[in-house]
Structures are given as C-alpha cells and as structure tokens.
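Each chain, written out:
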Protein chains: 4
Amino acid sequence: HSSAVASKLIETARELVYPRGKGIYATDETPEAIAVVLHDAADEDVKQKQWTEDEERDRRRRWREAAYNAIPSEYISGVILFSETLLDFHLAPLLSDRGIIVGIRANGELRPLPNSPEEFLVQGQDNLLRDLQAARAAGARFSKWRAPIACTATGLPTEAGLDAHAETLAQYAAVSQEAGLVPVIEPDVEFKEDADLARSVEVHEWIIARIYARCRAHGVLLEGTLLKPSFPQPGLKHASRETVTAEQIALATATVIARSVPSAVAGVVFLSGGLAPSIATSYLAAVNALVNAAPPESPFSRLPPLSFSFGRALQGDAARHWVHGDDDKVKDTFEKWSRACWLAAQGKQA
Amino acid sequence: HSSAVASKLIETARELVYPRGKGIYATDETPEAIAVVLHDAADEDVKQKQWTEDEERDRRRRWREAAYNAIPSEYISGVILFSETLLDFHLAPLLSDRGIIVGIRANGELRPLPNSPEEFLVQGQDNLLRDLQAARAAGARFSKWRAPIACTATGLPTEAGLDAHAETLAQYAAVSQEAGLVPVIEPDVEFKEDADLARSVEVHEWIIARIYARCRAHGVLLEGTLLKPSFPQPGLKHASRETVTAEQIALATATVIARSVPSAVAGVVFLSGGLAPSIATSYLAAVNALVNAAPPESPFSRLPPLSFSFGRALQGDAARHWVHGDDDKVKDTFEKWSRACWLAAQGKQA
Amino acid sequence: HSSAVASKLIETARELVYPRGKGIYATDETPEAIAVVLHDAADEDVKQKQWTEDEERDRRRRWREAAYNAIPSEYISGVILFSETLLDFHLAPLLSDRGIIVGIRANGELRPLPNSPEEFLVQGQDNLLRDLQAARAAGARFSKWRAPIACTATGLPTEAGLDAHAETLAQYAAVSQEAGLVPVIEPDVEFKEDADLARSVEVHEWIIARIYARCRAHGVLLEGTLLKPSFPQPGLKHASRETVTAEQIALATATVIARSVPSAVAGVVFLSGGLAPSIATSYLAAVNALVNAAPPESPFSRLPPLSFSFGRALQGDAARHWVHGDDDKVKDTFEKWSRACWLAAQGKQA
Amino acid sequence: HSSAVASKLIETARELVYPRGKGIYATDETPEAIAVVLHDAADEDVKQKQWTEDEERDRRRRWREAAYNAIPSEYISGVILFSETLLDFHLAPLLSDRGIIVGIRANGELRPLPNSPEEFLVQGQDNLLRDLQAARAAGARFSKWRAPIACTATGLPTEAGLDAHAETLAQYAAVSQEAGLVPVIEPDVEFKEDADLARSVEVHEWIIARIYARCRAHGVLLEGTLLKPSFPQPGLKHASRETVTAEQIALATATVIARSVPSAVAGVVFLSGGLAPSIATSYLAAVNALVNAAPPESPFSRLPPLSFSFGRALQGDAARHWVHGDDDKVKDTFEKWSRACWLAAQGKQA
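About the cut-offs
Residues numbered from 1 in each chain as written. Chains lettered and ligands numbered in written order. Predicted model: local features only at pLDDT ≥ 70, side-chain atom pairs only at ≥ 80, totals over all residues. Heavy atoms only, no water. Helix = DSSP H or I, 4+ residues; strand = E, 2+ residues; numbered from the N terminus. Rg over C-alpha atoms; globule rule 2.2 N^0.38 Å. Buried < 20%, exposed > 50% of the residue type's maximum accessible area, 1.4 Å probe, protein only. Contact = heavy atoms within 4.5 Å. Areas by Shrake-Rupley, 256 points an atom, 1.4 Å probe, with all protein chains shown as cover. Least-squares fit on C-alpha atoms with pLDDT ≥ 70 in both. Polar contact = N/O pair within 3.5 Å; in protein donor to acceptor, adjacent residues only side chain to side chain. Pairing = 2+ DSSP bridges. Axes fitted to C-alpha atoms, helices over the stretch in contact; angles between N-to-C directions. Buried area = accessible area lost by both parts, 1.4 Å probe. Salt bridge = Lys/Arg side-chain N within 4 Å of Asp/Glu carboxyl O. Expected span 1.5 Å × (residues − 1). Phe/Tyr/Trp six-rings, centres within 6.5 Å; stacked < 30°, edge-to-face > 60°. Lys NZ or Arg CZ within 6 Å of the ring centre and 35° of its normal. Nonpolar A, V, L, I, M, F, W, Y, C, P; charged D, E, K, R; others polar. Patch = residues over 30% accessible without salt bridge, like charges linked within 9 Å, V, L, I, M, F, W, Y side chains within 5 Å. Lys, Arg positive; Asp, Glu negative; His and termini not counted. Charge placed at Lys NZ, Arg CZ, Asp CG, Glu CD. Right-handed = clockwise from strand over helix to strand, strands pointing away. Parallel < 35°, antiparallel > 145°, perpendicular 65-115°, else oblique. Left-handed = near helix turned anticlockwise from the far one by under 90°.

**So, the overall build of chain A**
Logical step 1: Summing up its helical and strand segments, chain A has 13 helices and ten strands in all.
Logical step 2: Here chain A has a C-alpha radius of gyration of 19 Å; the compact-globule value for 350 residues is 20 Å, and the two agree.
Logical step 3: Principal axes of the C-alpha set define a box for chain A whose edges measure 50 × 50 × 45 Å.
Logical step 4: Burial status across chain A gives 60% buried among its 350 residues.
Logical step 5: Intrachain contacts of chain A at a sequence separation of at least 6 include 79% that bridge at least 24 residues.
Logical step 6: Carbon together with sulfur atoms contributes 51% to the accessible area of chain A, which is approximately 12700 Å² in total.

**Observations regarding the relation of the copies chain C and chain B**
Logical step 1: Under the fitted operation, chain C is carried onto chain B by 0.0 Å of movement along the axis and a turn of 180°, and the coordinates agree to an RMSD of 0.0 Å. Interpreted geometrically, this transformation is the action of a two-fold axis.

**Here's the deal with the environment of A:Tyr18**
Logical step 1: Assignment of secondary structure puts A:Tyr18 in the loop between α1 (3-15) and β1 (23-27).
Logical step 2: Along the chain, A:Tyr18 and A:Thr281 lie 263 residues apart, while their C-alpha atoms are 18 Å from each other.
Logical step 3: When sequence neighbours within four positions are dropped, the list of residues in contact with A:Tyr18 reads A:Ala266, A:Pro305, D:Pro296, D:Glu297 and D:Arg302.
Logical step 4: Polar contacts involving the side chain of A:Tyr18 include one to the main-chain carbonyl oxygen of D:Pro296, which spans 3.1 Å.

**What about the sheet that holds strand β8 (residues 226-227) of chain C?**
Residue and element names in this part refer to chain C.
Logical step 1: Strand order in the closed barrel made by the eight strands is β1-β2-β3-β6-β7-β8-β9-β10, with parallel pairing throughout.
Logical step 2: Sheet topology places β8 next to strand β9 (residues 267-270); two bridges connect them, and they run parallel. Bridge pairing in β9 links leucine 226 to glycine 267.
Logical step 3: Along the sheet face, helix α1 (residues 3-15) touches β2 (76-81), β3 (101-105), β7 (182-189) and β8 and points at about 50° away from the line of β7.
Logical step 4: Packing against the sheet, helix α11 (residues 277-293) makes contact with β9 and β10 (306-310), and its axis sits at approximately 170° to β10.

**Notes on the sheet that holds strand β2 (residues 76-81) of chain D**
Two pairing modes exist for strands in a sheet, parallel and antiparallel, and in both the strands are linked by backbone hydrogen bonds.
Residue and element names in this part refer to chain D.
Logical step 1: One closed barrel accounts for eight strands, arranged β1-β2-β3-β6-β7-β8-β9-β10; its pairing is parallel.
Logical step 2: Relative to strand β10 (residues 306-310), strand β9 (residues 267-270) is paired through three bridges, and the arrangement is parallel. What sits directly across from phenylalanine 270, in β10, is phenylalanine 308.
Logical step 3: Sitting on the sheet, helix α8 (residues 159-178) touches β6 (142-149) and β7 (182-189), and the angle it makes with β6 is about 175°.

**With respect to the interface of chain D and chain A**
Accessible area lost upon the coming together of the parts serves often as the stated size of an interface.
Logical step 1: In this assembly, 25 residues from chain D lie in contact with 25 residues from chain A.
Logical step 2: Carbon and sulfur atoms make up 49% of the surface buried where chain D meets chain A, a total of about 2100 Å² over both sides.
Logical step 3: Sorting the residues of chain D by area buried against chain A places D:Arg259, D:Ser263 and D:Arg302 first, and these three jointly supply 34% of that buried surface.
Logical step 4: Along the contact surface separating chain D from chain A lie two salt bridges.

**Quick look at helix α10 (residues 246-260) of chain D**
All names here are of chain D.
Logical step 1: Under the 1.5 Å per step criterion, the end-to-end length of α10 is 21 Å for 15 residues, consistent within 8% with the ideal 21 Å.
Logical step 2: Counting buried residues along α10, eleven of its 15 residues qualify, which places the element largely inside the surrounding structure.
Logical step 3: Within α10 the residues assigned to the buried category are Ala246, Ile249, Ala250, Ala252, Thr253, Ala254, Thr255, Val256, Ile257, Ala258 and Ser260.

**Description of the packing of aromatic side chains**
Logical step 1: Under the definition given, this model contains 32 aromatic pairs over all chains.
Logical step 2: With 5.5 Å between their ring centres and 80° between their planes, B:Phe231 and B:Tyr283 make a pair best called edge-to-face. With B:Phe231 in the loop between β8 (226-227) and α10 (246-260) and B:Tyr283 in helix α11 (residues 277-293), this pair connects stretches of sequence that are 52 residues apart.
Logical step 3: One aromatic cluster in this structure is built from A:Tyr25, A:Trp63, A:Trp322 and A:Phe334.
Logical step 4: The lysine or arginine in question, C:Lys49, covers the ring of C:Trp51, its NZ or CZ lying 4.5 Å from the ring centre.

**Observations regarding the relation of the copies chain D and chain A**
Logical step 1: Overlaying chain D with chain A gives an RMSD of 0.1 Å, the required rotation being 180° about an axis along which the chain moves by 0.0 Å.
Logical step 2: Taken together, the interface assignments show that 100% of the residues at the interface of chain D recur at the interface of chain A, consistent with an identical surface on both copies.

**Section: the pattern of salt bridges**
Residues and elements named next belong to chain B.
Logical step 1: Taken as a whole and judged by the stated rule, the model has 100 salt bridges over all chains.
Logical step 2: Among the salt bridges present, the one from glutamate 55 reaches lysine 49, with a minimum N-O distance of 3.6 Å.
Logical step 3: Using a relative accessible area of 32% as the deciding quantity, one classes glutamate 55 as partly exposed.
Logical step 4: Residue lysine 49 is classed as partly exposed on the basis of its relative accessible area of 36%.

**A word on the interface of chain C and chain B**
Logical step 1: Contact with chain C, which involves 25 residues of that partner, is made by 25 residues of chain B.
Logical step 2: Between chain C and chain B, roughly 2100 Å² of surface is buried when both sides are summed, and carbon and sulfur atoms account for 50% of that area.
Logical step 3: Sorting the residues of chain C by area buried against chain B places C:Arg259, C:Ser263 and C:Arg302 first, and these three jointly supply 34% of that buried surface.
Logical step 4: At the surface where chain C touches chain B, the tally comes to two salt bridges.
Logical step 5: Notably, a salt bridge pairs B:Glu223 with C:Arg259, separated by 2.9 Å at the nearest N-O pair.
Logical step 6: Taken together, the links from chain C to chain B amount to 16 residue pairs in polar contact (both at pLDDT 80 or more).
Logical step 7: Listing elements by their share of the side of chain C that touches chain B, those giving two or more residues are α9 (197-217) and α10 (246-260) of chain C.
Logical step 8: Looking at which element gives the most residues to the side of chain C that touches chain B, the answer is α10(C), with four residues.
Logical step 9: The class makeup of the residues in the side of chain C that touches chain B is 15 nonpolar, four polar and six charged.

**Examining a negative patch on the surface**
Logical step 1: Negative charge collects at one region of the surface, where A:Glu74, A:Asp327, A:Asp328, A:Asp332 and A:Glu335 lie side by side.
Logical step 2: You can see A:Asp332 is positioned in helix α13 (residues 327-344).

**Quick word on the pairing of strand β6 (residues 142-149) of chain B**
Residue and element names in this part refer to chain B.
Logical step 1: In terms of burial, β6 is a largely internal element, seven of the eight residues being buried.
Logical step 2: In this sheet, β6 lies alongside strand β3 (residues 101-105) in parallel orientation, the contact comprising three bridges. Residue glycine 103 lies in a different strand from β6, and its bridge partner there is phenylalanine 142.
Logical step 3: In terms of strand pairing, β6 meets strand β7 (residues 182-189) through eight bridges, oriented parallel. Considered in β7, the bridge of isoleucine 149 is made with valine 189.
Logical step 4: Regarding the hand of the β-α-β motif, the stretch spanning β6, helix α8 (residues 159-178) and β7 is right-handed.

**Things to note about the environment of D:Leu87**
Logical step 1: Residue position: D:Leu87 is located in helix α5 (residues 83-88).
Logical step 2: Setting aside anything within four residues of it in sequence, one finds D:Leu87 in contact with D:Ala134, D:Ala135 and D:Ala138.

**Some points on the pairing of β3(B)**
All names here are of chain B.
Logical step 1: With five of its five residues buried, β3 lies for the most part within the structure.
Logical step 2: Side chains Ile101, Gly103 and Arg105 project from β3 onto one buried face, and the interleaved Val102 and Ile104 project onto a second face that is buried too.
Logical step 3: Relative to β3, strand β2 (residues 76-81) is paired through four bridges, and the arrangement is parallel. Residue isoleucine 80 lies in a different strand from β3, and its bridge partner there is glycine 103.

**Details of the side chain of D:Asn107**
All names here are of chain D.
Logical step 1: When you line up the elements, asparagine 107 lands in the loop between β3 (101-105) and β4 (110-113).
Logical step 2: There is a polar contact of 3.1 Å between the side chain of asparagine 107 and the backbone nitrogen of arginine 146.
Logical step 3: In contact with asparagine 107, not counting residues within four places along its chain, are Val122, Gln123, Lys144, Trp145 and Arg146.

**Quick word on helix α13 (residues 327-344) of chain C**
Logical step 1: A rise of 1.5 Å per residue sets the reference length of α13(C), with its 18 residues, at 26 Å; its end C-alpha atoms lie 26 Å apart and thus fit the reference within 8%.
Logical step 2: What α13(C) keeps buried is the set C:Val330, C:Thr333, C:Phe334, C:Trp337, C:Ser338, C:Ala340, C:Cys341, C:Leu343 and C:Ala344.

**Things to note about the packing of α9(C) against α10(C)**
Residue and element names in this part refer to chain C.
Logical step 1: The contact between α9 and α10 brings their axes to 9 Å, and the two run at 25°. Compared by their axis directions, α9 and α10 come out roughly parallel. Along this stretch, α9 crosses α10, giving a crossing that reads as right-handed. Contacts between α9 and α10 pair Leu197, Val201, His204, Glu205, Ile208, Ala209 and Tyr212 from the former with Gln248, Ile249, Ala252, Val256, Arg259 and Ser260 from the latter.
Logical step 2: Partitioned by chemical class, the residues of the contact of α9 with α10 number eight nonpolar, three polar and two charged.

This is the structure in structure tokens:
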C-alpha cells in the first residue's frame, strides 16, 4: 500500500469506531428482503396491494432516503448500503454530507460447499475489484463481506469449510483495500443448531484466528480493517439457550476477542443477526461493562473498541412508522435505537 | 458421490487416457484468440478484410466444425470446447457421435493477486455449478480449469499464491464432479522468467502436492480426475534454456509426477503451452520412453499414463490449410499431428 | 543429499521390497516385551524361575541369535533390531553376512499429548542423529519410527495430534537419511475403539498424506523411504469387526495406498500389530491378489510393492520351540511363516 | 486445565509483568558460559589459574548466590535459572523468600535442521514433562524455551524451519502448563546476517503468528503465557545497521506486537541477546515511550505490557566487581541496571 492510501484506510477504520460508542448501521438487505420488511410493517389493506416493479423500486428508494435522513450522526459513524442504493439511487451524499461514512455490501450469494452441503461458501469474487472500485467512485469508503459459518455440537464446521471461508475473506479484504475501501470482515457463526456456548466459543476462535492468518499471507493491512463477528451463544436447539445470561455471553465474547483478534485491528463491530434488538443491545452493553470493569492486568482492558453493526436491531420499529407516513416518529425511533446502541457500546444501559 | 455417479466419473476419466497413447485436443481458446490464429494463417489480401461480428462468429463456427470433423478418433479421446462452441454452436454431437468425449473450459479470466501483482488468480467460481450443469446438459463429460503459476528463480510463486491456486483448483474439481464432469486440473507453471530446471521442478512439486492436499480436504474423488501439468523446464531468461535436452526434461517430469501425484489419479495429460509442437511432442516422447525403460523397482514404472492435452501443438498448420479451403490437407494435418502425439504418448518417435 | 548417498539409500530401500515377496522381520521389542514372550512360551515350572538381570540379558541374546540364524534369507530382506541387540550384542553380522539388511528401531517411548491425553506422541528426537550414526557404524542400513495414531468414530485423532505426528515422522525421516539410513515410517492407526472401516480409511488417508506433505517440506528423498502402515480395519468396539472380510480390508487398503502414497516411495510394508499371524497374512494376500487382478487402467495396477514388516506374526510359535531347545523346529517355524508371508506379498495363498 | 491450575498460571504470568516496569533477569547460561563470563571479568593473574571441576562448580554457586542476594525485588519480578542452579544448588529459596518468582530454562541443545543446516532446531522434548515437574517441585513457577530463528535477506528462515519451531514451542508451552509452570516462549530472530529492518519485521511476524496458531491447536491457555521476543533490527551485515535509530526499532517492535500477539497473552518480555546493555535498554525505553504517547485509537495504546528478560544486559559489570570481592559494588551495579530496565519498561529514561 502506498503510504497515503494506507493512512486513509487506517483513518477511515478508526472513524468508524471512534469516539467510543459510535457504530455502524447495516442497511444492505436485498430488495426482496426490504419488501418483506415493508410488507410486514404495513396495515392489512396495504398488504393486499399489488406493486409494480417500478413502484417497489421507488418505495425502496424513499424508505432508504427517509432512514438516511433520520439517522443521527452523533451515534452512527457509518452505513452499509446494498449496491442498488449506492449505484442506482445515488444516496451516498445524503449520508456523507452529514459526516456519515458510506459502505457497500461486497459479498454475493451463497453456494453449498461440495461434499458438505450444509455449509455455504460465498460468491462474489469474480469482478470484485471492478465492483468495489465502482462503489468507491460512487462514494463508498468501506465494504463488508459476510460469511456464514456452520456450527453444530459436532461435525460442523468442517476443516475444509473453515479454510475456504478464511481464504475467501482474506482475499476479499486484500481486494477491498486495493480499491481503497476499509474491509469489514464478517464471520457470522450460526446459532440455529445444537452447539453449546463453549462450542460456539471454540468455533468463533477457530474461524477468526484463521481469517487473520490468511490476512497476513495476503498482506492485508490489519490497522485498516474492522471485524464484524457474531456474539458466541448457545444454539437454538441446545437447552442452555433458555438460561444463558448476558454476563455469560459477555465473558465468552471478550475471551474470543482477546484470544483471536490481533491488537492491530482497528475495531470490532458485532452483528445482531437474528437476535431481537433488545437482546443484541444487552449483549453489547454487557461485554463493554466487562471491559470497563477489567483491571489493567486483564486482557479485557486492552481489547479494541467493541461496537455494533446492527441492521434489524436498528430499523424494526422505524419501518412501521414510515409506512404510516409518520416521519417524526421515524426520526424518534432511529434516534432512540441509535442512542441505545451508542450507550451499550460504552458499557452503559439506556 | 453416489456410487453410479462415481463409477461414471472414473470410467470417463479412464477413457480419456486409455488405451495408452490417446489424448486430448484443447480447442478452448477465446473467440479473440481464434481470430488471431485465423488471421495469422491467412494470405496478405485476406488479412486486410474487415469482418463483421457475425462473419467472425460464422467463421469460428465453420473452423471448429472442420477441425472436429477432421480429428481422428483413434488418436484423440477428448476435445475441450470453449463455452460458445458448446452452448451456442451446439457442436458436441459432431464429436460424441464419433466416440470423442466433449469437455468444457471452466475457468474464467485472470485477476492479479492483491499485494503480489505478478501473480494471477483465476475467476469463474461464481455460478460455477450452474455453468457446469449447463455444459453437461449440452453434452460435456469433462471440464478443465487452468491456473497460471508464476515461477522465478527466487520470490515467485508466493506462499499465498500457491495456497490460493490450490484451494481454487480443488473447489473447482469438487464442483465439477458435483455437476457430473471429470475435472482436468491444470496448473500451468510459467517458464518466461529466470528459474532453472531444478527450481521449476520444485515449484511443480509444490503446487501439485498442494492441489491434492486441498482435493482431499474437499472430498474430491481422485480416481475421477486428470492432471494437466506443464513440463518442468528452465525459464526463457535462464542460460540453460538453450542447452537443456529432452532427456533432462523427461527425467525432471517423471520425478515430479512420481513425487507429487497420487496413484489414484486416473492420468496425466501435459499441456503444450507456448512450446512449438515438435518440442512438446519430443518431451512427451522422451518421458514415455523413460517410463518404458524403467525397471520394475523404479517408481517410473508405476506412473499413471502420461499423455497430452495439446492445443496449438495440434492445430497450427491445419488452420493454414483451412483458410485456403484445402479440406484434405486439413484432415491430413490433423491426422499427422494426432498420430505423432499418440506415438509420443507411448514413448515412440513418429 | 550427495548423489552417492542418495543412490545408496534408494538401492537399500528397493532391496528391502524386491524381488517381490520379500519383506521385513520386526524384532525391535523392548527387553521387557521379549521377557513376556519368552515367559509365555515357557512351561509352568520354568515360569516359576527367578532370573537375574544377567541371565535375562543372556537369554535375550541367545534367543535373538537363534532367531537370526533361523531366518531364511530367500524370504526375509531385512530385520529391525532393538538398540541393545545391535549395539550391545553386536548381532548385525549374523544377518548381514547372509545378505539380510539390518535395521534399528529409532523411536523412543510415548508421552501423552497435553490437552488430549488419549493421544500419544513419540519421544526420541533428542540426540537422534548421533544415535542413528552409531547404529549405522554398528551395521544398520535402515531405521524405523512408530507413531500410534488414535482412531475413534468421532473426536480422535485431533488435528493437533495428526500434525504433531506428521511433523515428528518427517523430521525423523530426514535425520535418518542424514545418517545414511533408509527411514521406515510407521503410522500405526489404532483399532481398539469404535471406528468403522470407512472411518479407519479416512484416518489412514489423513495421516499418510500429511506425513508426505511434511516430508516434502523437510526435503526427504521419498525414493529412499518405505512406509509401514497398519491395515485399515474396523475397531474392536464396532459391530462390523466380526463380519469384515479380508476382501473388504484389501479394497480399503489398496484405496488408502493409491490415494495417499506418492509413487516415488520405494515400497509399503504392513505392520501386523495386534493381529493374529494368520489374519495379518490373509490381509496381505488379499490386497496383493487385488493388485494382481487389477486391469492396467486401475490405480491398483500401479501401486508400490505391498509387503510385510511383521513381528509377532513371524515369531509367535518359534519362541515356544526355542524355550524347549528344539532348534530344528525353530528353523522350520521361521521357514514356514516367512514363506507364508512371502507368498502373501505376491498375492498367493500358502 | 482445572480452574485452580489455570487461575494460578494466569496469576503468576501477570505477576511477572505487573506492576508495570517489573521484568525478568535471565541467568540460565550453561556452566561453560558462566565460566567465560567470570574469566573475562578476572584480572590477568587470576585468568592464569587452573580451576578443578569442583572449584568451578563452587565458584558458579557462589556467584549465583551473590547475584540473587543482590537483585532488587522492587524491579525484578522473576529470575530464570539453569537446571544446576535450581536442582543441585537449591538456590530457589534465596529468590522466592524475597518475593522473586523462580523460572527454569526448559530448552536443551540445538541440532541442525536436516537439509537446511544453517537453521537449528531445539532439543529437550524427551522427558520434558518429568523435568519440568522436578523443577516445579524445586520451586520453579515458570519456564522458558528459546528457539533461534534464522533470518537472512532472502532464503532463511525456511517454511519447514518456521513450522518446526512453532510446533516445538507450542508443544513445550502445553507441557509447561501441564507441569504447572508459566511458559515463556522465546523466538529469538537472529540479526547476524544481511536482513534489513523490514525483513526482520516480516520474519518476527511470521514466527510469532505461527507460534500462536500452534498454541491454539495444542490448547495452550494464552492468558497464562508470556512472549520473549527479540527486537526486530537490521542484520550486522546490512548497511542500515549503523544508522538505525531507537525510534525506528521502537516503531517496528510495536507494529510486530500489535499484528501478531493476541491480547490474551499476559505480557511481552524482550530478550537482549547480543545487544549491549545500554542499547537493549534504549530500545525498551523507546518502544514504551511510543506506547505512552499513543492516542486511544492507536493499536499501540492496547498492547500487552512490554518489559524485559535481559541477561547479559543486567550482569555484565556486576561480575567484574564480584571477582574482586567488592560486594557493595555488586549490589550497586545490579540496583543500577535493574532500575534502568524498570524505568525503560515504563518508557522513562534513566
């Protein structure tokens, strides 16, 4: 990396997580996923309505505009956009004019791993540099690649699956930096199966450590990257799912980060995944409270900033107000949730 | 793999290299590369002609038809097609009706490796299964993926480059078998730089051994695969390039295969790359002569069949006759060259 | 390796497995293990006897002398000695004078793998070069290192265990060649647990393939090595143990060798481990019969020679005759068993 | 690890580097190396003296006693002993009674790596657990294993060398924890050749990152370990050796630690190796000054404590006073140097 490019990558990465408390709002769902959100938010009569493709597209654009206008820049440092929003709707200036950094979803669709069909690799490597350069030209300054990591009590993930994901994520990170975009590396360890918390911790450590091993091999500048991991947690099919506390999740999370993330990484922004907003926020608050309470000789006192890159957790209620045309409440809702996340990322309860 | 699919893959792989002497004709150049071949073969006045896109396309189709009609099935077991030839021109039956097995080029275009820009990774993983399934539906029974491996006296290939190629090739092989196509794995070690023969041998061993390590991880059925390697050879910028003998190449080649290719692999079909037809054929003859002369206790006596997957080496002269409309000479030329390769693959001189 | 040393290593390795049928007699038990064999072979009154240390030592020496005099050199190419036999009893000439190649046990005692206490690493790396050089000075021309590989239906071996064994075996092989001794690399996959045949095959492929990957990294000359693997087989705690046939074992064995052993390796000599002599011999005969019947296009037709390095399987009965002073029957017994193994290594039944 | 053992390991590891400034005094030279130090310190007439083995031994013991009595426990947290000092001289109580933690040198002698004779592996794995358990019984609470890492501008270290060292160090660390001793993992990257600073940084990152990858595989509790690395620096044969500044070394050092040491590791104690005491101390001061000046968003603000494990740097002058019987000056010298290191480890100049 040229010195100037490297400095800019490092600066952007830090601005996404500093001052402490600031985090990322992920709005990179596919058009289909947005349609579902808006449908669910609508009243019964509106749900009946048949939308033309153009109407759907226009609605998506307006919903994104409304959301981006409503996001409070004192809490939110960056927003991740789907390619349509960035390249077709040209909404980047709405954000960047207010000091919010624009990101782009880089990963494509999933494909099953041959010979391990319950694991999924991620497509999108073809033409990745060209696509990311286009995103940068349209205003993006960071990108994100999500890899779903299977996790069962025994058997999954396979060694082949872990290796393939780590290699793909590291190649992505290197290409993203080549395009001048800070990579946000997202290993999303699934929690729908029967793993307990200890197994989830183990799988988190494996995949995160491998990612950085491959990043080193590919010359990724760690100081210009962020990690977007899941919270380690018991699977939905494991009994302890019902009884696990936010404090247990926090301890597991801090341990994973301490053991597998090099200090050089600019920051960690957790994903909310399928968690309810209040749950994701409570985990984030608990792990930051643990960090705040750690004595100087504890590794927890020297973790990178632990913030958020939530999607559903930030926009659930807002959509409901927006479909009813209540712009003030949209704004209030974003304000409320963003502030709650911002407090949690400092270890404070709302 | 279901038992039936596995059996079919194994059977096809064997038919591509047995009875000994039979080999593959590679006609998977891009349309642009074909245009160059035909242009070079033409007389000066024809070279002036401006072709429309449709005329070019029609000429490509007719040239392939002529070639496929002329290929002698007693020497040639399979032909590798570019996607246009298979999917748009529908030429598979021309070959399969005469007992020649149809293959498809699976790899896409190259992209530089970030942070090692003189190494190139291969695109084409996105939608690969879908593309190979379409090829199978159009008559293909095998596929091929070429990876260019940089090779200098010191420095290249990098560890990251080797690992990335091995992973990509193994994933490709697994997907190809999932689509019911025998993968022909092509690590093409470059010889345009300053490596000597020993270094070329070393790099060949590294990449080939890594490929099979990753194939194991991804559950590839080795018995249903072929390897398409380059011949180890000094680089164009190394003094020994001028003096190296076919016997030295043969010894180096047999050593590489013995040390890095598991016995389970159905066969090895060498690429000709930028070598003159007569040179490539002489190397093939020399290595098979070495095999023929090996005593039973020598590893060379137990190598898989060593045959060919030549392109330019098979079609150079034929194009010249074809542009002049001399179909008999086209046929003679293909006959002559195919037979020479077939003899070489048995260790006999033409 | 200097060219002369390399040639000698290759020559010795080949002499251990050619002409086909010849194999190795393993007599490298510890003094304690010999004492048990001789005790078990004795009559009740002799069993009562208290032996002094010197008497024990003398008895060991005489038993080894008797055995080495009795071993038929037309069937047995090499014998593996424990260090005491080579360095203190100086019995190498007994063998080498009759054209039998002398080997030395190189591995030391086991130690549990920290954090996986049911796996065991092998000691003996300290001072290994010096010890092997001493063995060579005393007449040894090859050496052997055994690594026990845990194998359960799930869980064992661990990745760490596999990697550590592969690294240790490869370092041993490199040191052995440095000392001028052909390494016989012995991965002994255990069969006392609940793995089925497919799992045993998988574990065999993993460990063998990793061994050769590490051998490549350490510059081991594969042509001057032998592999001494176990036969893949169901574990004692798996139901199919009772019903598995020699033909199934043979197919599994040939598949493992074809997929994981490079052609360059001079030969494979199976261990008998805890198998009854007749069972081990029947497996060896079956796998060689499979090889004999394989058509040229089958990988099984190009496997390295598959022979034996049996211990208990060769000496069980002989000890009983020897303790009764019946030297003729000792000779007959060795003759009979050696010949049976020799036939089996050619795929013939006794 | 049982929870109690784990807690104790973590506690001991922290006590070796906290409160900030405290560090380790390495006195684990072999008897031969001590003899050289004392010989060099003596006057010409004493140098002529012939010492009996018993006299030498007695002198060693008395020198160690004097040194251990003189070491100020407000600056020195731990001392590394050679086995003779711990097990034969029984000097542990001299230290532990004053609150100084006793360590044991665990590594044995070097052996050349086969096929890369300028790289050296470390012996001492045989009987390691037993030896470390004996050390613990004699009062040790931590141990140390040094691995010399070759480093040239190109060529060294080899991949095989790096892998072998990382595996050995990780196995050692696991065994040390099993024996109840905190492992101090010492990768000592050599600086006698032609590497520049950037190459030294690269090699430091490679070996340190690999060590932690293997530690993860072997289940090492990182929170109960310390790292003892060299300072990255240009080689003696590289021109920049003459001009490199302490600030450049400091930046390189902090970068290496940030990129390759997980936060979980309890602390880093640099070795002085062949550096002059004042140089080693100036590097330590400079890197801690860099840490002190780092803003919160810099990775340097979240490094583990960076302290010292110096040997020669601490005892050079003291030996001269001791051979002249000047005990007060011995004490003064240790006091002065220990305090200088303690200040440097806080980023202060003496």
